[in-house]
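Residue-level listing of the chains:
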Amino acid sequence: MRIGRNAGSYVVPLLVLMVVAFDVPILLMLAQSVLSPHPTVAHWAEFTESPIYFRVLGNTFQIAVITSAVCGLIGYPLAYWMRGLGGRAQLAVVTLVLLPFWISILVRTYAWIVVLGNNGFVNRSLIGLGITDRPISFLYNQLGVTIGTTNVLLPFLVLPLFAAMLKIDERLLQAAATLGAPRRAIFWRVFFPLSLPAFAAGLVLVFILTLGFYVTPAILGGGRVPMISNMLDVLINQMPRWELAAAISTLLLAATLALYGVYRTIAARSAS
Amino acid sequence: MGAIEFDGVAKRYGPVHAVRDLSVQVAEGEFLTILGPSGSGKTTILSLVAGLTAPSAGRILIAGRDVTHLEPQQRRIGLVFQSYALFPHLDVFDNVAFPLVVRGRPKVEIAAKVAAALARVRLDGLARRRPQQLSGGQQQRVALARAFVFEPDILLLDEPLGALDRKLREEVQVELKALQRDLGITTLLVTHDQEEALSLSDRIIVLDHGAMQQVGTPDEVYRRPANRFVAGFLGLANLLEGRVEAGRGLRLGSGELVACATGTRPEGSAAAAIVRPERVRLLPESAGEGIAARVRQDVYLGHLRRWHLDADAGQELVAAATDGDQSAAIGDRVRVSWSPADVWLLPEAGAAA
């Protein structure tokens, strides 16, 4: 590239801006957990001593696991089905999967309240069909939060997985067929192992994104399903306990980085 | 092991005829090559035999069994793809074991057969490598081992040497031929490389625009081509056009008479004949016989030397000889001659275009 030699002079100002405006404040923020008001481990001690924080952490991880699992169970068959579609139908379905990306998370999340509320479409249908005689509570519990996060995060799993499936060489499947493999064996012995790295990477991505999710759990959980982000909100805006929030954020960042490392390792393996 | 029979096989893609009315029998244990330029339909024929494509008409029989409507899984064929199509997530051993594993063979048998197949293609020490860690030639041999390890009825090879460099290709040709003879397996090879076809095959089918132009031994299709296409596709040929003089030969447009056997051709009918460059002799200008010509180009090919000549009558001619056997420099005037036995009158109808 012609700009290659001078690229540094273009990039450096942006880099400085990133460091000064973004990285330094974050580090200062995180440092509060051990430096405020003077060097101390008191905030970390408080964090480790009260079970409530661990319960929220555990709850968050639990929802992340469930969300990843549900996204995987829905997303894999969906991506596989999309791969087999013809040109025009495939484009239509990809658009449908992408569509939610163009609508605000806030709007989508409130839409779930309309759909899942006691007077919502789902409950009225269930009652109308005689399946249940009183409304099922979908909202303001773990079920509601999981439905919401799954809805928002599903495309993050489906789209990369679909792209990876498209890259699987059709001739490998044909080769398997000529070598005598029944359809089931072609899928389990050839197709699935080849799609597995992208699938695993997608699951880890959904897991990471769920860990830090704020809006959807806040609305669909109605404050009764505390996740890490909601707890941080309470600690900062209501307590206010910035030092403790900083300690928890440090922990969240570390966990996310570790998982991101796993994600990159898997993604790199799937690319090779 | 088994013979293959094509019975009026055709394949159309909309208005395009990929394969037209193919009827030919491949004998048990025979090595048959389908030779043609790209787009001639040769790979389609292979897909039809493999069951990856369904024919529009006709029947295909393998070992006497009508397989026209069978799935690829039920056809008992070993197919080597041009790209090899090795499973990247499996090592060499598991790749070769695949056809045995999906047939549910016992582990002991699988281990023994895979080891034998790998030894046969000289890959003994590489069983635990991944395909990506192998050279092109090694990958090709893994693909081959995977295709014959389960003792299929027939072996199908789709341009198996296409991805190899020239030196390696010649080595593998020799190996492939030896392997095929050892296994005694009926083999169908698809290629656009005439040298490969000539050196490997018992018989060759020459294909153009989906239609079989000729089927015969390498010697037949090279020395006695059925038409201009076959003559031109299998190496260089001097094309001579004129009118038949019964019992004497072919009278060229320029007035010269080329002596050759005319068979039952009627007197005065338009015809074309070919002479292969290596059958052409260059004589000094003073020689009393032959066609007068001037050397336009002198091409050195290592094992061969080739001369492009302009005949005085305007015809372009090509001569070739083992380097050292003959000599002529650019601009030299020579006379060009050949033995009447080396002239082949093309049997095609309406030869004069």
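All values derive from a computational prediction rather than experimental measurement.

Structural notes on the overall build of chain A
Next up, step 1: Regarding its fold elements, chain A presents 12 helices and zero strands.
Next up, step 2: From first element to last, N terminus to C terminus, chain A shows the α and β order α-α-α-α-α-α-α-α-α-α-α-α.
Next up, step 3: When the backbone C-alpha atoms are referred to their principal axes, chain A occupies close to 70 × 70 × 35 Å.
Next up, step 4: For chain A, buried positions account for 29% of its 272 residues.
Next up, step 5: A fraction of 76% describes how many contacts in chain A between residues 6 or more apart in sequence connect residues 24 or more apart.

Things to note about the sheet that holds strand β19 (residues 333-337) of chain B
Residue and element names in this part refer to chain B.
Next up, step 1: Within the open sheet, the five strands sit side by side as β15-β19-β16-β17-β18. Their pairing is antiparallel. Of all strands in the sheet, those bounded by a partner on one side alone are β15 (281-284) and β18 (316-322). Here the average twist between neighbouring strands, direction ignored, is 45°.
Next up, step 2: Pairing geometry for β15 and β19, over four bridges, is antiparallel. Pairing of Pro-284 across the sheet is with Val-334, part of β19.

Describing the pairing of strand β12 (residues 249-252) of chain B
Residues and elements named next belong to chain B.
Next up, step 1: Here strand β11 (residues 238-245) pairs with β12 via four bridges, running antiparallel. The residue bridging Val-244 from the neighbouring strand is Leu-250, located in β12.
Next up, step 2: A loop of three residues connects β11 with β12, the two strands running antiparallel in sequence, and Gly-247 in this loop sits at a positive phi of about 80°.
Next up, step 3: Relative to strand β13 (residues 257-259), β12 runs antiparallel, the two sharing three bridges. For Arg-251, the partnering residue across the bridge sits in β13 and is Leu-257.
Next up, step 4: Taken together, β12 and the strand that follows it, β13, pair antiparallel across an intervening segment of four residues, in which Gly-255 is found at a positive phi of about 105°.

Points about the interface of chain A and chain B
Next up, step 1: Taken together, the contact between chain A and chain B spans 16 residues of the former and 17 residues of the latter.
Next up, step 2: Sorting the residues of the side of chain A that touches chain B by element identifies α8 (170-178) and α9 (183-211) of chain A as the ones contributing at least two each.
Next up, step 3: When residues of the side of chain A that touches chain B are assigned to their parent elements, the largest contribution, six residues, is made by α8 of chain A.
Next up, step 4: Residue composition of the side of chain A that touches chain B, by class: 10 nonpolar, three polar and three charged.

Considering the domain arrangement of chain B
Residues and elements named next belong to chain B.
Next up, step 1: Annotation of chain B at the domain level lists domain 1 (4-227) and domain 2 (231-345).
Next up, step 2: The centre of domain 1, based on its C-alpha atoms, is set 38 Å off from the matching centre of domain 2.
Next up, step 3: The interface of domain 1 with domain 2 comprises nine residues on the first partner and six residues on the second.
Next up, step 4: In terms of residue count, the dominant contributor to the side of domain 1 that touches domain 2 is helix α7 (residues 218-223) (three residues).

Considering helix α1 (residues 7-35) of chain A
Next up, step 1: A bend of about 35° at Val-19 of chain A is the largest found in α1 of chain A.
Next up, step 2: Burial analysis of α1 of chain A places just one of its 29 residues in the buried class, a small minority of the element.

Structural notes on the domain arrangement of chain A
All names here are of chain A.
Next up, step 1: With domains assigned, chain A is organised as domain 1 (1-40) and domain 2 (43-271).
Next up, step 2: Computed over C-alpha atoms only, the centres of domain 1 and domain 2 are separated by 31 Å.
Next up, step 3: Classifying every residue of the side of domain 1 that touches domain 2 by side-chain character gives two nonpolar, four polar and no charged.

A look at the confidence of the model for chain B
Next up, step 1: Residues at a pLDDT of 70 or more form 98% of chain B, whose mean pLDDT is 89.
Next up, step 2: Among the prediction metrics, the complex's ipTM stands at 0.82, with pTM recorded as 0.82.

Topic: the packing of helix α3 (residues 51-84) of chain A against α9 of chain A
Residues and elements named next belong to chain A.
Next up, step 1: It is at 8 Å that the axes of α3 and α9 come closest, and there the two elements cross at 140°. Here α3 is positioned oblique relative to α9, judged by the angle of their axes. You can see that α3 and α9 cross each other, and the crossing is right-handed. In contact with Thr-60, Ile-63, Ala-64, Thr-67, Ser-68, Cys-71, Gly-72, Gly-75 and Tyr-76 of α3, α9 contributes Phe-199, Gly-202, Leu-203, Val-206, Phe-207, Thr-210 and Leu-211.
Next up, step 2: The class makeup of the residues in the contact of α3 with α9 is nine nonpolar, seven polar and no charged.

Structural notes on the packing of helix α7 (residues 142-167) of chain A against α9 of chain A
In a pair of packed helices, the angle between the axes and the distance between the axes together describe the arrangement.
Residues and elements named next belong to chain A.
Next up, step 1: In the contact formed by α7 and α9, the axes pass within 9 Å of each other and the chain directions differ by 155°. Looking at the two axes, α7 sits roughly antiparallel to α9. Judged by the twist between their axes, the crossing of α7 over α9 is right-handed. The residues of α9 that touch α7, namely those facing Thr-149, Leu-153, Phe-156, Leu-157, Pro-160, Leu-161, Ala-164 and Met-165, are Ser-195, Ala-198, Phe-199, Ala-201, Gly-202, Leu-203, Leu-205, Val-206, Leu-209 and Thr-210.
Next up, step 2: Taken together, the residues of the contact of α7 with α9 break down into 14 nonpolar, four polar and no charged.

Considering the sheet that holds β12 of chain B
Residues and elements named next belong to chain B.
Next up, step 1: Taken together, the five strands give an open sheet; going across it, the order is β13-β12-β11-β14-β20, and neighbouring strands pair in antiparallel fashion. On the outer flanks of this sheet lie β13 and β20 (344-345), each paired with one strand and no other.
Next up, step 2: Bridge analysis of strand β14 (residues 270-275) against β20 gives two bridges, and the strand direction is antiparallel. Its bridge partner lying in β20, Ala-273 is registered against Leu-345.

As for the environment of Asp-182 of chain B
Residues and elements named next belong to chain B.
Next up, step 1: Within the secondary structure, Asp-182 is located in helix α5 (residues 166-183).
Next up, step 2: The class of Asp-182 is exposed, set by 9 C-beta atoms lying within 10 Å.
Next up, step 3: Along the backbone, Asp-182 and Phe-87 are 95 residues apart, and their C-alpha atoms lie at a distance of 27 Å.

Definitions and limits used
Residues numbered from 1 in each chain as written. Chains lettered and ligands numbered in written order. Predicted model: local features only at pLDDT ≥ 70, side-chain atom pairs only at ≥ 80, totals over all residues. Helix = DSSP H or I, 4+ residues; strand = E, 2+ residues; numbered from the N terminus. Buried ≥ 20, exposed ≤ 12 C-beta atoms within 10 Å, placed from the backbone. Contact = placed C-beta atoms within 7 Å. Pairing = 2+ DSSP bridges. Axes fitted to C-alpha atoms, helices over the stretch in contact; angles between N-to-C directions. Nonpolar A, V, L, I, M, F, W, Y, C, P; charged D, E, K, R; others polar. Domains from an automatic or database assignment. Bend = angle between axes of the 7 residues up to and from the residue. pLDDT = per-residue confidence, 0-100. Parallel < 35°, antiparallel > 145°, perpendicular 65-115°, else oblique. Left-handed = near helix turned anticlockwise from the far one by under 90°.

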